[in-house]
Amino acid sequence: MNFFKTAAARLTAGILAASMMAIPAFAVSGTVNADGGLRLRNGVGTEAAILSTLPNGAQVEVSGITEEGWFQVNYQGTMGYVSGEYLVMDETEVQELKVVNDPVYGRVTEGPLNVRTTPTMGGERVKQLPAGTVVQIVDTLNGWYEIADGYVSSSYVKIIDASEAVATARTANVGAGAQVVDFAKKYLGSPYMYGGSSPRGFDCSGFVKYVYSNFGITLNRTASAQMSNGTPVSRGELQPGDLVFFKKAGSKASRASHVGLYIGGNQFIHASTSRTGVIISDMNSAYYTTGFVGGRRLL
């Protein structure tokens, strides 16, 4: 099924492109020092949208510092901003960092808009962005904007403030997650089969792998391995479409023994047992409250 190939292009442009940009040549290493994880945001300040939560001890590339004392960092390919209070760095290296301005966002007013390799009409077309796409602008060059993947004509991009960029990204993300959830619900009542990853029978990781494969996203096979897919999110940050992981007491699994798909309202859909098959469960139940070990966002 190729449905998500179109959705993924819009999602990448509307959400990921708003948070990713070329990595500057000069970057130094920093270490996250926050027990509950450190939120990576698409702008400076706690009102900016959360891109992901960086685990304690994570290593990041730091490319700049803002006047407000936030660091511009890159973590696993995603550029964003983190509070300087929770990042450990060499003081000498901090003094050498360049001062960066707050991010500038734009919204595509007419589409599809060509993204080119150079700021000229003769530049090779890299991709096309649909109208409404939010992009982060790296630089302005005589009628062109430099963005993560290349250059776009400024005639078809309107500068917007961070609050509008956040609202647009959240709407796009929730909408894509809702589509994944609707697809997953089609398989309620499907049988449980250990090692299964098709409607003939699913185990927990096989179920979420099958669902996301129909949207063009490939996951690892086991629940523990799937905790390496996507980006980490805390329980309080969960959105429809996120993966939720649990570990049963005494389990020999390295990281997680069970996985499901969050659908909202503290509920998730999953291939539970051979008796129930694919069902919806409440995360507020005792087992799932105490056994929760993390969430991952793929969209």
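The structure presented is a predicted model; accordingly, all values stated were derived computationally and were not measured.

(A) The arrangement of the overall build of the chain in detail. Across its full length, the chain holds six helices and 23 strands. Within the chain, buried positions represent 48% of all 299 residues. Looking at the chain alone, contacts between residues at least 24 apart form 59% of all its contacts between residues at least 6 apart. For the chain, the exposed area adds up to about 14,100 Å²; of that, 49% sits on carbon and sulfur atoms.

(B) Highlighting the pattern of salt bridges. Taken as a whole, this structure holds five salt bridges when the rule is applied. The shortest N-O distance in the salt bridge between Glu164 and Arg107 comes to 2.2 Å. Here Glu164, found in helix H3 (residues 162-185), pairs with Arg107, found in strand E8 (residues 104-108); they are 57 residues apart in sequence, far enough to count as distant. One salt bridge connects Asp149 with Lys127, and the closest N-O pair in it is separated by 3.3 Å. Residue Asp149 is located in the loop between strand E13 (144-147) and strand E14 (150-153), and its partner Lys127 is located in strand E10 (residues 125-129); the two are separated by 22 residues in the primary sequence. For Asp149, a relative accessible area of 37% translates into the label partly exposed. Taking the relative accessible area as the measure of exposure, Lys127 reaches 22% and is therefore partly exposed.

(C) Broad picture of the sheet that holds strand E22 (residues 277-282). Read across the sheet, six strands follow the order E18-E23-E19-E20-E21-E22 without closing on themselves; strand pairing throughout is antiparallel. This sheet does not close on itself; its edge strands, each paired only once, are strand E18 (231-233) and E22. Neighbour-to-neighbour, the strand axes of this sheet turn through a mean angle of 35°, independent of strand direction.

(D) Region of interest: the nonpolar core. In terms of nonpolar packing, the biggest core is built from 29 residues, with Phe207, Val211, Tyr212, Leu243 and Leu261 touching the most fellow members. Among the secondary structure elements, those contributing two or more residues to this core are H3, helix H4 (204-213), strand E19 (243-246), strand E20 (258-264) and strand E21 (267-273). Examining the composition of this core, we find that six residues originate from one element, H4, more than from any other. Apart from residues lying up to four places away in sequence, Tyr212 is in contact with Val180, Ile217, Leu219, Gly241, Leu243, Leu261, Leu298 and Leu299. Listed in part, the 18 residues of the second largest apolar core include Leu38, Leu51, Leu54 and Val62.

(E) View of the pairing of E19. The alternating pattern of E19 places Leu243 and Phe245 and Val244 and Phe246 on opposite faces, both of which are buried. Taken together, the four bridges between E19 and strand E23 (residues 292-297) define a ladder with antiparallel strand orientation. Bridging from a neighbouring strand, Phe245 pairs with Gly294 of E23.

(F) Focus on the side chain of Ser63. Mapped onto the elements, Ser63 comes out in strand E4 (residues 59-65). Overall, the relative accessible area of 2% leaves Ser63 in the buried class. A polar contact is formed between the side chain of Ser63 and the side chain of Gln72, at a distance of 2.8 Å.

(G) Spotlight on the confidence of the model for the chain. Overall, the predicted model of the chain reaches an average pLDDT of 84, with 90% of residues at or above 70. Within the chain, no element has a lower average pLDDT than helix H1 (residues 3-19), which sits at 38, and none a higher one than strand E17 (residues 201-202), at 97. Low confidence marks residues 1-25, where pLDDT is under 50. Its contacts with residues over four positions away, or in another chain, come to 58 contacts.

(H) Looking closely at H4. Of all 10 residues making up H4, eight are buried, and the element is well covered by its neighbours. Residues Cys204, Ser205, Gly206, Phe207, Val208, Tyr210, Val211 and Tyr212 constitute the buried set of H4.

(I) Unusual backbone geometry, seen in detail. Here the amide bond leading from Gly111 into Pro112 is cis, since omega sits at 5°, within 30 degrees of zero. Residue placement: Pro112 occurs in the loop between E8 and strand E9 (113-116). With a phi angle near 45°, Asn142 is a residue other than glycine that sits in the positive phi range. Note on placement: Asn142 falls in the loop between strand E12 (139-140) and E13. With a phi close to 60°, Asn266 is a non-glycine residue in the positive phi region. Summarising the element assignment, Asn266 is placed in the loop between E20 and E21.

(J) Spotlight on the packing of aromatic side chains. Per the counting criterion, the structure on display carries 11 aromatic pairs. The interplanar angle of 35° and the centroid separation of 5.0 Å between the aromatic rings of Phe246 and Phe268 together place this pair among those described as tilted. Highlighted residues: Phe246 in strand E19 and Phe268 in strand E21, separated in sequence by 22 residues. Accessibility assignment for this pair places Phe246 and Phe268 in one class, buried.

The rules behind these values
Sequence order sets the numbering: in each chain, residues are counted from 1 along the sequence as written. Two thresholds apply to this predicted model, a pLDDT of at least 70 for residue-level local features and 80 or more for giving and counting side-chain atom pairs, whereas whole-chain, interface and lining totals are computed over all residues. Computation of side-chain values covers all heavy atoms of the structure but excludes hydrogens and water. Secondary structure elements follow DSSP: runs of H or I no shorter than four residues count as helices, runs of E no shorter than two count as strands, and numbering proceeds from the N terminus. Each residue is placed in one exposure class: buried if its accessible area under a 1.4 Å probe, protein chains only, is under 20% of its type's maximum, exposed if it is over 50%, and partly exposed if it falls in between. Whether two residues touch is decided by their heavy atoms; if any such pair falls within 4.5 Å, the residues are in contact. Every accessible area reported is derived by Shrake-Rupley at a probe size of 1.4 Å, with residue values counting cover from the shown protein chains alone. Throughout this description, the term salt bridge denotes a Lys or Arg side-chain nitrogen within 4 Å of a carboxyl oxygen of Asp or Glu. Strands qualify as paired when DSSP identifies two bridges or more between them. The convention used is that axes are lines fitted to C-alpha atoms, helices contributing only their stretch in contact, and that angles between N-to-C directions extend from 0 to 180 degrees. The criterion is simple. A nonpolar core is a set of buried Ala, Val, Leu, Ile, Met, Phe, Trp, Tyr and Cys residues joined through side-chain atoms within 4.5 Å. Here a polar contact is recorded for every N or O atom pair within 3.5 Å, except that within protein the pair must consist of a potential hydrogen donor and a potential acceptor, and residues adjacent in sequence are included only if both atoms are side-chain atoms. Along the chain, pLDDT gives the predictor's confidence residue by residue, from 0 to 100. For Phe, Tyr and Trp, where Trp contributes only its six-membered ring, two rings pair if their centres lie within 6.5 Å, and the inter-plane angle classes them as stacked under 30 degrees, edge-to-face over 60, or tilted in between.

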